[in-house]
Amino acid sequence: MKKQLILEDGTVFVGEGFGSETATIGEVVFNTGMTGYQEILSDPSYCGQIVTLTYPLIGNYGINRDDFESISPAVRGLVVKENAEYPSNWRSELSLDAYLKMKDIPGIAGIDTRKLTKIIRKHGTLKGSICGIDENPQEIIAALESRTLPNNQVMEVSTKTAYPSPGRGHRVVLVDFGLKHGILRELNDRNCDVVVVPYNTTAQEILSLSPDGIMLSNGPGDPKDVPEAIEMIQGLLGKVPLFGICLGHQLFALACGANTEKMKFGHRGSNHPVKDLRTGKVAMTSQNHGYTVTEDSVAGTELEVTHIALNDGTVEGLAHKTAAAFTVQYHPEASPGPEDANGLFNQFIELVKAEKKEAVTNAKA
Ligand SMILES: NC(=O)CC[C@H](N)C(=O)O
């Protein structure tokens, strides 16, 4: 069944439909990872977006039960060069096509994804639609032009109620802005006693859970769309150690008086080099973001830039000068991607331990 991919700049691609037959609209973004399509599709940070994968053969190892980053994917569509109809891997339980049908996500194959990616890199991220071959492109383009993408997508993907993920170690409150399971997995691997809370939980409610540490998760959309989370972080800063990832990092920056801005086409892939300015070491990192902390806005705040992207020099990590708090723009939980930065979770646990020790010493004094 033929389908069209129509971009707001007027470009029309024709390809072969797979997955769900529903028409879709979203922001078209590209990810350069060679593997990891299952994790990418189920990463809630892609809420509202149509993802194109630059690697040309997708679906060849199928879909398995272990690699989901969320139960309900929020991505709006998938664009590939070639969809492997017959997966081959010992873990495969489902084909990509069957998974997309089950989750009602439309896909389009046979697209020149290199050309599409070059358009996005030149123009910046564009709105687009995957729709039937009979649709009139002019009407779709007019609809795309007049359509603003929904704000506060965090509301769509965050949990509605708090839930525990028990362990016998440090008590961590994980604020869910659209969390990837990988973050929860890393905390559970370190035996943390985790309580996951909705994005709009107040600082007071979080403090009433007596946490030893707080994690701010990744999530979709513009950080400025979630002012309640900024207020929450302000109420927590300096009281409990904080660690933020991606959207959590951006919200933390805003809470501390820095600014964020939309990037031309963002960073999405599994091989983004990031330099730690304190050690000079470079880590290969997994990334998925379209916004960034504005470097100039950090001066004059209590924040220090700790990491930068080597491809474009943008801010990749922040630490607070006096409070126990640090954040990164990239994904130390990987899923998919390299695990070079995984030690940041240990750093968080060490920070939690140090703050607990200090609290005991202060209580004794
Ligand atoms: N993965 C994320 O948390 C993404 C953060 C934010 N939505 C951005 O695109 O920049």
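Since the model is a prediction, treat every value here as computed from it, not as a measurement. (Residues numbered from 1 in each chain as written. Predicted model: local features only at pLDDT ≥ 70, side-chain atom pairs only at ≥ 80, totals over all residues.)

1. Here's the deal with the sheet that holds strand β6 (residues 77-79)
Pairing within the closed barrel is mixed, and its 7 strands lie in the order β1-β2-β8-β6-β4-β3-β9. Within this sheet the neighbouring strands show an average axis-to-axis angle of 35°, counted without direction. For strand β3 (residues 24-31) and strand β9 (residues 126-132), the ladder comprises 5 bridges, and the chain directions are antiparallel. Across the sheet, residue V28 finds its bridge partner in β9, namely L126. Docked against the sheet, helix α3 (residues 113-123) engages β1 (2-7), β2 (12-19), β3, β4 (49-53), β6 and β9, running at close to 125° with respect to β4. Packing against the sheet, helix α4 (residues 137-146) makes contact with β1, β2, β3 and β9, and its axis sits at approximately 140° to β9. (Pairing = 2+ DSSP bridges. Helix = DSSP H or I, 4+ residues; strand = E, 2+ residues; numbered from the N terminus. Axes fitted to C-alpha atoms, helices over the stretch in contact; angles between N-to-C directions. Contact = placed C-beta atoms within 7 Å.)

2. Section: the environment of D225
Note on placement: D225 falls in the loop between β13 (213-216) and α8 (227-236). Along the backbone, D225 and M155 are 70 residues apart, and their C-alpha atoms lie at a distance of 9.9 Å.

3. Re the site of the ligand
Near the ligand, the surroundings consist of S45, N218, G219, P220, G221, C246, L247, N288, H289, G290 and Y291. No other element matches strand β16 (residues 282-293), which puts 4 residues into the shell around the ligand. Counted by class, the shell around the ligand contains 4 nonpolar, 7 polar and no charged residues. (Near = placed C-beta within 6 Å. Nonpolar A, V, L, I, M, F, W, Y, C, P; charged D, E, K, R; others polar.)

4. Some remarks on the pairing of strand β11 (residues 171-176)
For β11, the buried fraction is high: 5 of the 6 residues fall into the buried class. Both β11 and strand β12 (residues 193-198) contribute to a ladder of 6 bridges, which runs parallel. Counterpart to R171 in the pairing with β12 is D193. A crossover links β11 with its parallel partner β12, the connecting element being helix α6 (residues 181-189), and its sense is right-handed. (Buried ≥ 20, exposed ≤ 12 C-beta atoms within 10 Å, placed from the backbone. Right-handed = clockwise from strand over helix to strand, strands pointing away.)

5. Regarding the sheet that holds strand β10 (residues 163-165)
The strand order β10-β12-β11-β13-β14-β19-β18-β17-β15-β16 describes an open sheet built from 10 strands, whose pairing is mixed. Each edge of the open sheet carries a strand with a single partner, namely β10 and β16. Adjacent strand axes in the sheet meet at a mean angle of 25° when their direction is disregarded. Relative to strand β14 (residues 242-245), β13 runs parallel, the two being bridged by 3 bridges. Bridge pairing in β14 links I214 to L242.

6. Points about the UniProt feature "binding site: L-glutamine" (unreviewed entry) in the protein chain
Here, the residues flagged by UniProt with the feature "binding site: L-glutamine" (unreviewed entry) are S45, G219, G221, L247, Q250, N288, G290 and Y291. The largest pairwise C-alpha distance within this set of annotated residues, which runs over 247 residues, is 13.2 Å, so the set is compact in three dimensions. Summarising the element assignment, G219 is placed in the loop between β13 and α8. Counting through the fold element by element, G290 comes out in strand β16. Non-local contacts of G290, meaning those with residues more than four positions away in its chain, are made with V29, T125, K262, M263 and G266. (UniProt positions renumbered as here; feature names shortened; annotations may be inferred.)

7. Considerations on helix α10 (residues 343-364)
For an α-helix, 3.6 residues make a turn, and residues three or four places apart therefore share a direction. In this model, α10 (22 residues) spans 32 Å end to end at C-alpha, consistent with the 32 Å of a helix rising 1.5 Å per residue. Inspection of α10 places L344, F345, F348, I349 and V352 among the buried residues, and these make up the whole buried set. Summarising the axial view, the buried residues of α10 lie within an arc of 155°, below the 170-degree limit, and thus occupy one face. Every exposed residue of α10 that faces more than 90 degrees away from the buried side is listed here: G343, N346, E350, A354, K357, E358, T361 and K364. If you follow the buried residues of α10, they end up packed against α6, β13, β14 and β19 (325-328). (Expected span 1.5 Å × (residues − 1). Arc of directions from axis to C-beta.)

8. Overview of the packing of α8 against helix α9 (residues 247-255)
In contact at an axis separation of 9 Å, α8 and α9 are set at 70° when each is read in the N-to-C sense. On the basis of their axis angle, the class for α8 and α9 is roughly perpendicular. For α8 against α9, the interelement crossing comes out right-handed. In this structure, α8 contributes A229, I230, I233 and Q234 to the contact, and α9 contributes L251, F252, L254 and A255. (Parallel < 35°, antiparallel > 145°, perpendicular 65-115°, else oblique. Left-handed = near helix turned anticlockwise from the far one by under 90°.)

9. Here we look at the UniProt feature "domain: Carbamoyl-phosphate synthase small subunit N-terminal" (unreviewed entry) in the protein chain
The positions UniProt marks with the feature "domain: Carbamoyl-phosphate synthase small subunit N-terminal" (unreviewed entry) are residues 1-131. Helix and strand shares over residues 1-131 are 18% and 34% respectively, and the end C-alpha atoms of the span are 11 Å apart.

10. Observations regarding α6
By the burial criterion, the buried members of α6 are H181, G182, I183, L184, E186 and L187. Among the structural elements, β10, β11, β12, β13, β14 and α10 are those in contact with the buried residues of α6.

11. Some remarks on unusual backbone geometry
Omega for the bond connecting S335 with P336 falls within 30 degrees of zero, at 5°, which places this linkage in the cis form. Within the secondary structure layout, P336 lies in the loop between β19 and α10. One non-glycine residue with positive phi stands out, namely S335, at about 55°. Here S335 lies in the loop between β19 and α10. Judged by the 23 C-beta atoms lying within 10 Å of it, S335 is buried.

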